[in-house]
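Breakdown of the fold
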Amino acid sequence: MSIPFPGIKPSARSFKQGTFPTKVYRALSGATVKRNFGNRAYGFELQLEYRNIPDTTTSQILKHYNDTSGGFERFSLSSELFAGMSTELRGYAESTATIRWEYAAPPDVSSVAPGNRSTVQVTLVGELL
Amino acid sequence: MIRIVNYLRLTTANNIVHRYQNYFIGQSSTYLGESYAFAPFQAEGSLAALNGDNQQLVVLFPNIEFALRLVEEGEGNRLSELRLTTAFLNASDQITTPPLTDFYVGIGAGFSETTLELRFRSAIDSVGSQFPGRTFTRDLVGPLPLNSELMLR
């Protein structure tokens, strides 16, 4: 069962559009021919940063990581993660019809201040269903 | 830019025809009036040979349930027949040039933890130059072959 990523607005966000499955043949002359093996993009990347968040919020993220077996189970993203984006742009970023997300790496937690404050960095990749 | 699609039409031992294509992700595609579902496979090896000298082809699937079923229904992929068509598409996803079609017979399968390999050998499609120009009969070659290993009697 897909467990959605916690709906927590990030402090910073970086998104990279997916690529199409392509190989390039380059002749000795330098001329190239591209070959395309699929009609949809894959390998989207979304980096989220949560600055100075309390331990309860950090725990939500870590719990989600464990509940999805650390990248084994894919999941969808809630709209809060794309707060501030226009609906049109969010459509490209979410690509909900064609991809599901998984962890590219375990969440990175840095303790930044006394009083249970941490900065958490999460990197997700979107792969084809 | 060349867009390439493989249409795989596999007839297993129980005479069930399985049709898959590997370009239109999550969609079906129609070729010669038949619908081909999407499957993430790739074909490696010779796709054509002039003299029918048992070219080998490997079709690689992820090791998942439906691919296992293909192997089991083909008795370990030893009794399967494969028709593999390679087509080139334009930007509108229409087939542009006449597709290439070849025929194969199953010779087995291999497994790893992530992949499942269906192995095929070319079905007889032509005869070598040394072969006399005669008609195949059981009297001449015994049981009619599925590949190009012929023995004159």
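Structure: above.
Description of the structure in this document. All values reported here derive from a predicted model rather than from experimental measurement.

1. What to know about the overall build of chain B
- In terms of regular secondary structure, chain B is built from 2 helices and 9 strands.
- Each helix and strand of chain B, placed in order from N terminus to C terminus, yields the pattern β-β-β-β-β-β-α-β-β-β-α.
- For chain B, the residues scored as buried account for 39% of the 153 residues in total.
- Sequence-distant contacts, at least 24 apart, represent 51% of the contacts inside chain B between residues at least 6 apart.
- For chain B, the accessible area works out to roughly 8400 Å², and carbon and sulfur atoms hold 51% of it.

2. Here we look at helix 1 (residues 65-73) of chain B
All names here are of chain B.
- Looking only at helix 1, the buried set comprises Phe66, Ala67, Leu70, Val71 and Glu73.
- Along its buried surface, helix 1 packs onto strand 1 (2-11), strand 2 (17-21), strand 6 (56-62), strand 8 (100-111) and strand 9 (115-122).
- Taken from the residues just after helix 1, Glu75 is the one with a positive phi, measuring 55°.

3. A few points about the nonpolar core
- Within the largest apolar cluster, 24 residues are counted, with the highest numbers of intra-cluster contacts made by Phe5(A), Tyr50(A), Leu77(A), Val122(A) and Leu124(A).
- Broken down by secondary-structure element, the contributors of at least two residues to this core are strand 4 (44-54), helix 1 (55-67), strand 5 (99-103) and strand 7 (117-128) of chain A.
- Counting residues per element, this core draws most heavily on strand 4 of chain A, at 5 residues.
- Not counting residues up to four positions away in its chain, the partners in contact with Tyr50(A) are Phe5(A), Ile8(A), Lys9(A), Pro10(A), Ser11(A), Ile61(A), Leu81(A), Ser118(A), Thr119(A), Val120(A) and Val122(A).
- Leu70(B), Leu82(B), Leu84(B) and Phe120(B) belong to the second-largest nonpolar core, a separate cluster that totals 18 residues.

Conventions and cut-offs
Residues numbered from 1 in each chain as written. Chains lettered and ligands numbered in written order. Predicted model: local features only at pLDDT ≥ 70, side-chain atom pairs only at ≥ 80, totals over all residues. Heavy atoms only, no water. Helix = DSSP H or I, 4+ residues; strand = E, 2+ residues; numbered from the N terminus. Buried < 20%, exposed > 50% of the residue type's maximum accessible area, 1.4 Å probe, protein only. Contact = heavy atoms within 4.5 Å. Areas by Shrake-Rupley, 256 points an atom, 1.4 Å probe, with all protein chains shown as cover. Core = buried A, V, L, I, M, F, W, Y, C linked by side-chain atoms within 4.5 Å.

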